[in-house]
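Here are the chains, one letter per residue:
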Amino acid sequence: MELFEAIQTRRSVRKFSDRPVEEEKLQQVLEAARVAPSWANMQCWRFIVVKEQAVKEQISELSYVESFLAPKGFKANPAKKALAEAPVVIIACADPEKSGVLWDQTYYMTDLGIACQNLWLAARGLGLGTVFVGIYDEAKLRELLGIPSNIRVVGLFPLGYPFEEKTGGTARKPLNEIVFNEKWGK
Ligand SMILES: Cc1cc2nc3c(=O)[nH]c(=O)nc-3n(C[C@H](O)[C@H](O)[C@H](O)COP(=O)(O)O)c2cc1C
């Protein structure tokens, strides 16, 4: 798939077919994350690949943070089922010490954001689908997966073949609302 088409047609995929993900494709998705740019090329990311059904189910259970989601009217994370049903779940982690902080901007989140978008677009290009799951009980996930306390869990990515091709998409602001010319607001 051509790059711009992948960018334009990428969607959050939360429902998967039973088709397993070929190991070669999984490696290509991880490779796309590996070659991403990062602060001083420090590559602060680490990824955990989970395929065991029982573990995916436990991860799925940890995707609900009541204090955050309940006030917004959610009884579950919209991606809860996806985490249990996808053939693979990739846990994207960061070591903040291996990235930079400059004037209160913490670049490990930027590094991970770029790597995760590479991963997401590579999945799309290979006919796979995923969604960035950013809400979960981080402490319990650390416990479940043996992640050290100095490492942050930045996102969960259930990965598989989409159950159906998503057409249309969520709305975006038009360019004239988000791009200024020469000065802020113009
Ligand atoms: C940082 C981040 C965190 C997200 N967390 C969740 C989440 O916890 N659960 C979920 O179902 N979707 C989550 N999403 C998906 C967004 O809701 C989705 O990307 C957005 O609505 C745009 O839809 P699209 O991806 O189909 O274009 C997250 C996306 C991002 C970038």
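Scroll up for the structure.
Treat the numbers as computed from the prediction; the structure is a model and nothing was measured. (Residues numbered from 1 in each chain as written. Predicted model: local features only at pLDDT ≥ 70, side-chain atom pairs only at ≥ 80, totals over all residues. Heavy atoms only, no water.)

Asks: Honestly, unusual backbone geometry in this entry has me stumped. Any pointers?
Replies: The phi angle of most residues is negative, glycine excepted, and most peptide bonds adopt the trans form. A positive phi is found at N41, a non-glycine position, where the angle reads about 55°. Summarising the element assignment, N41 is placed in the loop between helix 2 (23-34) and strand 1 (45-50). Phi at E182 is positive, roughly 70°, even though this residue is not glycine. Taking the relative accessible area as the measure of exposure, E182 reaches 84% and is therefore exposed. (Helix = DSSP H or I, 4+ residues; strand = E, 2+ residues; numbered from the N terminus. Buried < 20%, exposed > 50% of the residue type's maximum accessible area, 1.4 Å probe, protein only.)

Asks: Got a minute to help me understand the packing of helix 2 against helix 6 (residues 107-125) in this structure?
Replies: Helix-helix packing is characterised by the crossing angle of the two axes and by the distance between the axes. Where helix 2 contacts helix 6, the two axes come as close as 7 Å, and the packing angle between them is 150°. You can see that helix 2 and helix 6 cross each other, and the crossing is right-handed. In this structure, helix 2 uses Q28, V29, A32 and A33 to contact helix 6, whose residues at the interface are A115, N118, L119, A122 and A123. A breakdown of the residues in the contact of helix 2 with helix 6 according to their chemical character gives 7 nonpolar, 2 polar and no charged. (Axes fitted to C-alpha atoms, helices over the stretch in contact; angles between N-to-C directions. Left-handed = near helix turned anticlockwise from the far one by under 90°. Contact = heavy atoms within 4.5 Å. Nonpolar A, V, L, I, M, F, W, Y, C, P; charged D, E, K, R; others polar.)

Asks: Looking at this structure, how should I read the sheet that holds strand 2 (residues 88-94)?
Replies: In any sheet, the strands associate via hydrogen bonds between backbone groups, in a parallel or an antiparallel arrangement. Read from one edge of the open sheet, 3 strands run 1-2-5, paired in antiparallel fashion. Whereas interior strands pair on both sides, the edge strands pair on one side only; in this sheet they are strand 1 and strand 5 (152-159). Put simply, the sheet's adjacent strands are angled 20° from each other on average, direction ignored. Summarising the sheet, strand 2 and strand 5 pair through 7 bridges and their orientation is antiparallel. Residue pairing for strand 5: A94 is matched across the bridge by R152. Where helix 2 meets the sheet, it contacts strand 1, strand 2 and strand 5, and its direction lies at approximately 165° from that of strand 1. Of the strands in this sheet, strand 1, strand 2 and strand 5 are in contact with helix 6, which crosses strand 5 at around 5°. (Pairing = 2+ DSSP bridges.)

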